[in-house]
Amino acid sequence: MHKVNLPLGTRDEFGKRAQRKTQLIDLIETELQQRNYMKVTTPVLEYQEVFADFDLKQMQTYQLLDNNNETVVLRPDLTLPIARFLSTNNLKLPQKFYYVGDRFKIAPPLSGRYNQQTQAGIEIVGYASAKAECECLLLINRLSRRLLQGKIQLELGDARFIDTILNELSSNQALKQAIKAALYQKNLPHYLQLISRFIEQPMFKFLKIWPRLFGDYQEVQAQVLKVGLSGQARELFEKIMQFADWTSQLPNQQVTVDLSSAPPQEYYTGLTFKGFMQDISDYLFSGGRYDQLLQNFQSQPEPAVGMGIDIDRLVDEAVISANSHKHDLLFFEPAQLALVSQICEQYPELELSLSLDLRHAQRNAQSLGVKLYRLNAQGDLEDAT
Ligand SMILES: N[C@@H](Cc1c[nH]c[nH+]1)C(=O)O
């Protein structure tokens, strides 16, 4: 038979890694259930229109035709299916939900990323106050301390900040888009050229330092205070700083801000946050407020905050040890099945020896360094090593 390869960007998971992943998911689910989150599982297949309104980071999706000739996609995001779910089910709100599942995005070739990624996440729906953001930030801090020796750095921003500044500057859409793109790409020469026309404006001092406004929140705060900000931009800035102040008081929590990058998802409408580790390019946690999203699926908007947890990254980095203790073996004959069933219940860690005969079973136990038992005439365990 010829060997069949896996589709590009996919992998098999097995052994210790697969076991650690299950342990990690169990730990997160227990944590969330203890805090009264409701589990939601949505299918991996959705109609394309669920994702149509959002440019989910230019991602390519897997598309299939169902038997009615309608295009369905393997979900590239888990928040939009939850929004779709909420609009079609009359659940009592406010409510806190969580999910664990795989999402599928076709990664650029040679990027080293997998196209199927496991994500856990929470969606806190119906709460307008900052306490919903606090719940997410607390969870990141708790998981960071519990699993990653407190190594997660938080990065805060606000999805409205960039547009607010640009709207105060100009009504020229094309120009605003160009500045935004230069800022996102950190294309400094082009950015400086684009802002040069605002040299007479009071905000020019801010514009000049804007691309560098990321990093330690107190340093960024000091720089912004020097040049000043006004109006709504200032209010948003103060709100980000307020959250930075609160979270920096959590144990082992380093806090940074970023005032010049694209929000992690297009649907965010307020505070955004990411949790990352030094020297790892991908974020382990990413979320934000998205008060308008549910309006896309139903007539009414609903305040909401949520975040995703990159389970695959977390498995690679988390300090959890897979149970790897040895199992003693039980040699048996098929005719003893009913008895074996009882013994298995009594000794859940005993592994059945499936070797053909006692001699093979003994050899196997010896090479594994474990004991071999068998059942004597009275139905009791006896050492047969
Ligand atoms: N779906 C988001 C995370 C999130 C959950 N809820 C809100 N945001 C992501 O994948 O980045």
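Numbering of residues starts from 1 in each chain and follows the order in which that chain's sequence is written. The model is predicted, so local features are restricted to residues of pLDDT at least 70 and side-chain atom pairs to those at 80 or more, both for listing and for counting; the totals for chains, interfaces and linings are taken over all residues. In computing side-chain values, all of the structure's heavy atoms are included and hydrogens and water are not.

- The name given to the protein in an unreviewed UniProt entry is ATP phosphoribosyltransferase regulatory subunit, with the source organism recorded as Liquorilactobacillus vini DSM 20605.
- UniProt positions are given in the numbering used here, feature names are shortened, and annotations may be inferred rather than shown by experiment. Here the protein is described in UniProt, under the heading Sequence similarities (unreviewed entry), as follows: "Belongs to the class-II aminoacyl-tRNA synthetase family. HisZ subfamily."
- What UniProt states about the protein under its Subcellular location (unreviewed entry) heading is, verbatim, "Cytoplasm".

### Regarding the overall build of the protein
Inference 1: Of the regular secondary structure elements, the protein holds 12 helices and 16 strands.
Inference 2: Radius of gyration: over C-alpha atoms. The globule rule applied is 2.2 Å multiplied by the number of residues raised to the 0.38 power. Taking 385 residues into account, the globule formula puts the C-alpha radius of gyration at 21 Å, and the protein, at 27 Å, lies well above it.
Inference 3: Dimensions of the protein, computed from C-alpha atoms along their principal axes, come out at roughly 100 × 55 × 50 Å.
Inference 4: Exposure classes here rest on a 1.4 Å probe applied to the protein chains alone. A residue is buried below 20% of its type maximum, exposed above 50%, and partly exposed in between. Looking at the 385 residues of the protein, the share that counts as buried comes to 44%. The helix and strand labels rest on DSSP assignments: H or I over at least four residues marks a helix, E over at least two residues marks a strand, and numbering proceeds from the N terminus.

### Some thoughts on the pairing of strand 7 (residues 153-158)
Inference 1: In terms of burial, strand 7 is largely enclosed, as six of its six residues are buried.
Inference 2: By the alternation rule, side chains of strand 7 split into Gln-153, Glu-155 and Gly-157 and Leu-154, Leu-156 and Asp-158, which are all buried.
Inference 3: As paired strands, strand 7 and strand 9 (residues 254-258) are joined by four bridges and run parallel to one another. If you follow Glu-155 over to strand 9, its bridge partner there is Thr-256. The pairing criterion for strands is at least two bridges between them, as found by DSSP.

### A few points about the environment of Gln-265
Inference 1: Structurally, Gln-265 can be placed in the loop between strand 9 and strand 10 (271-276).
Inference 2: You can call Gln-265 buried: its relative accessible area is 11%.

### Looking at the packing of helix 5 (residues 173-184) against helix 6 (residues 188-195)
Inference 1: Here helix 5 crosses helix 6 at 150°, and the two axes come no closer than 8 Å. For the element pair helix 5 / helix 6, the angle class is roughly antiparallel. Between helix 5 and helix 6 the crossing geometry is left-handed. From helix 5, Leu-175, Ala-178, Ile-179, Ala-182 and Leu-183 reach across to helix 6, where they touch His-190, Tyr-191, Leu-194 and Ile-195.
Inference 2: Along the lines of polarity and charge, the residues of the contact of helix 5 with helix 6 split into eight nonpolar, one polar and no charged. The axes used here are C-alpha line fits, helices contributing only the stretch in contact, and every angle between their N-to-C directions lies in the interval 0 to 180 degrees. Throughout, the term roughly parallel applies to angles under 35 degrees, roughly antiparallel to angles over 145, roughly perpendicular to angles from 65 to 115, and oblique to all others. In this scheme the handedness of a crossing depends on how the near helix is turned from the far one: anticlockwise by less than a right angle means left-handed, clockwise means right-handed. By the convention used here, residues are in contact when the closest approach between their heavy atoms is within 4.5 Å. Residues are grouped as follows: Ala, Val, Leu, Ile, Met, Phe, Trp, Tyr, Cys and Pro are nonpolar; Asp, Glu, Lys and Arg are charged; every other residue, Gly included, is polar.

### Digging into the sheet that holds strand 5 (residues 95-104)
Inference 1: With respect to topology, nine strands assemble into an open sheet ordered 1-5-6-12-11-10-7-9-8, the strand pairing being mixed. Each having just a single partner strand, strand 1 (38-39) and strand 8 (214-216) make up the two edges of the open sheet.
Inference 2: In this sheet, strand 12 (residues 304-310) lies alongside strand 6 (residues 116-125) in antiparallel orientation, the contact comprising seven bridges. Note that in strand 12 the partner of Ala-120 across the bridge is Ile-309.
Inference 3: Set on the sheet, helix 1 (residues 15-34) makes contact with strand 1, strand 5, strand 6 and strand 12; between it and strand 5 the angle comes to about 160°.
Inference 4: Running over the sheet, helix 9 (residues 231-248) touches strand 7, strand 9 and strand 10 and is turned about 160° from strand 7.

### Some remarks on the site of the ligand
Inference 1: Any residue with a non-hydrogen atom lying within 4 Å of a molecule or strand is treated as near it. In the neighbourhood of the ligand, 15 residues make up the surrounding shell, with Thr-79, Glu-123, Gln-265, Tyr-267 and Tyr-268 lying closest.
Inference 2: Side-chain polar atom of Arg-103 to an oxygen atom of the ligand: 3.1 Å apart, as the coordinates give it.
Inference 3: Whenever a nitrogen or oxygen atom comes within 3.5 Å of another N or O atom, the pair is scored as a polar contact, on the condition that within protein one atom can donate a hydrogen and the other can accept it, and that pairs from neighbouring residues in sequence are kept only if both atoms are in side chains. Note that a nitrogen atom of the ligand is positioned 2.7 Å from one of the side-chain N or O atoms of Glu-123.
Inference 4: In isolation the ligand offers 300 Å² of accessible surface; the protein chains occlude 96% of this area.
Inference 5: For the shell around the ligand, the secondary-structure elements that each account for two or more residues are strand 5, strand 6 and strand 12. Computed with a 1.4 Å probe, the accessible areas rest on the Shrake-Rupley method; for each residue, only the protein chains presented here act as cover.

### What about the UniProt feature "binding site: L-histidine" (unreviewed entry) in the protein?
Inference 1: Sites flagged by UniProt as "binding site: L-histidine" (unreviewed entry) map to Asp-77, Leu-78, Thr-79, Gln-119, Glu-123, Tyr-267 and Tyr-268.
Inference 2: In this fold, Leu-78 is placed in the loop between strand 4 (71-74) and helix 2 (79-88).
Inference 3: Not counting the four nearest positions on each side in its chain, Leu-78 is found in contact with Tyr-99, Gly-101, Asp-102, Arg-103 and Gln-119.
Inference 4: Checked against the element boundaries, Glu-123 lands in strand 6.
Inference 5: Glu-123 gets classed as buried once you look at its relative accessible area, which sits at 1%.
Inference 6: Setting aside residues no more than four positions away along its own chain, Glu-123 makes contact with Thr-79, Ile-82, Gln-95, Lys-96, Phe-97, Tyr-99, Tyr-290, Val-305 and Gly-306.
Inference 7: Here Thr-79 takes part through its side chain, which lies 2.9 Å from a polar atom of the side chain of Glu-123.

### A short note on the packing of helix 8 (residues 217-227) against helix 9
Inference 1: Direction vectors running N to C along helix 8 and helix 9 enclose 150°, while the axes themselves pass 11 Å from each other. With respect to helix 9, the element helix 8 is oriented roughly antiparallel. For the pair helix 8 and helix 9, the sense of crossing is left-handed. Residues Tyr-217, Val-220, Gln-221 and Val-224 of helix 8 touch helix 9, and the partners they reach there are Phe-237, Met-241, Ala-244, Asp-245 and Ser-248.
Inference 2: The class makeup of the residues in the contact of helix 8 with helix 9 is six nonpolar, two polar and one charged.

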